[in-house]
Amino acid sequence: MNTWSWGYVGDILPDLLKGLGVTVEATLLGSLVSFALGLVWALALRSRSRWVTWPVGAVVEFVRNTPLLVQLFFLFFVLPSWGLTFSPLVTGVIGLGLHYSTYTAEVYRAGIDGVPAGQWEAAVALNLPRRRTWTAVILPQALRRVVPALGNYVIAMFKDTPMLAAITVGDMLFQANTIGATTFDYMEPITVVGVLFLVISYPTSLLLRALEHRLVR
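Residues numbered from 1 in each chain as written. Predicted model: local features only at pLDDT ≥ 70, side-chain atom pairs only at ≥ 80, totals over all residues. Heavy atoms only, no water.

(A) Representation of the packing of aromatic side chains. The full count for this structure, using the stated rule, is eight aromatic pairs. With a centroid separation of 5.5 Å and 70° between ring planes, the pair formed by Trp 4 and Trp 6 is classed as edge-to-face. Judged by its relative accessible area of 33%, Trp 4 falls in the partly exposed class. Assessed through its relative accessible area of 66%, Trp 6 is described here as exposed. Aromatic pair Tyr 100 and Tyr 103: ring centres 6.1 Å apart, planes at 50°, arrangement tilted. With Tyr 100 and Tyr 103 both in helix 4 (residues 88-113) and three residues apart, the pair spans about one turn of that helix. Judged by its relative accessible area of 24%, Tyr 103 is partly exposed. Three or more aromatic residues link up through ring pairs in this structure, and these residues are Phe 73, Phe 76 and Phe 77. Sitting above the plane of the Tyr 103 ring, Arg 64 keeps its charged end 5.9 Å from the centroid. (Phe/Tyr/Trp six-rings, centres within 6.5 Å; stacked < 30°, edge-to-face > 60°. Buried < 20%, exposed > 50% of the residue type's maximum accessible area, 1.4 Å probe, protein only. Helix = DSSP H or I, 4+ residues; strand = E, 2+ residues; numbered from the N terminus. Lys NZ or Arg CZ within 6 Å of the ring centre and 35° of its normal.)

So, in structure tokens, the structure goes:
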């Protein structure tokens with residue numbers, strides 16, 4: 001039976017922190033992709049043309065209702081056969097961003113629907129162009145409402161990054177598995193990875209909760 005070794009933890013910690021850097025990078029870049037693409041989906045689904053809403057809605061529902069791991073495998077193993085090859089990290093960022101964009105799209109939709117009808121009526125009364133109505137009146141108010149929800153999806157994405165190890169992204173779990181396979185001792189590396197996720201995720205969730213209470217006042 002293996003016993004806990006702090007010396008072993010000290011030896012492997014630099015590699016795990018290196019993996020943490022990759023995990024954070026993938027989370028931040030994936031979040032930017034999901035925020036931007038989610039807003040595109042949300043606005044497209046409000047289009048007056050069915051030629052826009054139907055295909056966009058089909059894509060959103062397909063991505064939302066299929067596993068992230070399957071999507072990562074498709075991007076990493078299938079797309080190269082069509083001539084589209086990306087590095088593991090870029091593939092992971094695209095996969096995370098695309099997957100979570102279908103959820104942020106719903107967040108944006110709720111934020112837009114939450115803007116009081118009087119704001120729309122005021123924009124019409126002022127004869128503002130449609131684009132100006134969106135950029136100057138509706139979106140600023142909607143985005144303020146959805147910041148906490150978007151932050152929650154960032155945390156969820158952070159906790160889903162271990163899936164990237166399946167496509168050889170050098171995140172924390174990949175580093176832990178590599179260390180365990182080399183030393184035949186998985187207890188310390190896997191435990192430290194879990195602790196690092198907790199240390200980052202829990203305080204961040206508390207900050208988001210405080211931000212939500214402040215914004216809804």
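(B) Expanded view of a nonpolar patch on the surface. On the surface, a cluster of nonpolar side chains totalling about 330 Å² of accessible area is made up of Leu 69, Phe 73, Phe 77 and Met 163. If you trace the backbone, Leu 69 turns up in helix 3 (residues 68-78). Assessed through its relative accessible area of 32%, Leu 69 is described here as partly exposed. (Patch = residues over 30% accessible without salt bridge, like charges linked within 9 Å, V, L, I, M, F, W, Y side chains within 5 Å. Areas by Shrake-Rupley, 256 points an atom, 1.4 Å probe, with all protein chains shown as cover. Salt bridge = Lys/Arg side-chain N within 4 Å of Asp/Glu carboxyl O.)

(C) The arrangement of the nonpolar core in detail. Counting 13 residues, the largest nonpolar core has Ile 12, Leu 16, Met 172, Ile 179, Val 192, Val 193 and Phe 197 as its most contacted members. Breaking this core down by element, the ones donating at least two residues are helix 1 (6-44), helix 7 (172-183) and helix 8 (187-215). A total of five residues in this core trace back to one element, the largest contributor, which is helix 1. Those residues within four positions of Ile 12 in sequence are excluded, and the remaining contacts are Ile 179, Glu 188 and Pro 189. Among the nonpolar cores identified, the runner-up in size contains eleven residues, and Leu 68, Leu 72, Leu 96 and Leu 164 belong to it. (Core = buried A, V, L, I, M, F, W, Y, C linked by side-chain atoms within 4.5 Å. Contact = heavy atoms within 4.5 Å.)

(D) Region of the structure containing the environment of Leu 16. The residue Leu 16 is located in helix 1 in this model. Assessed through its relative accessible area of 0%, Leu 16 is described here as buried. Ignoring sequence-local partners within four residues, the contact set of Leu 16 consists of Met 172, Gln 175, Ala 176, Ile 179, Pro 189, Val 192 and Val 193.

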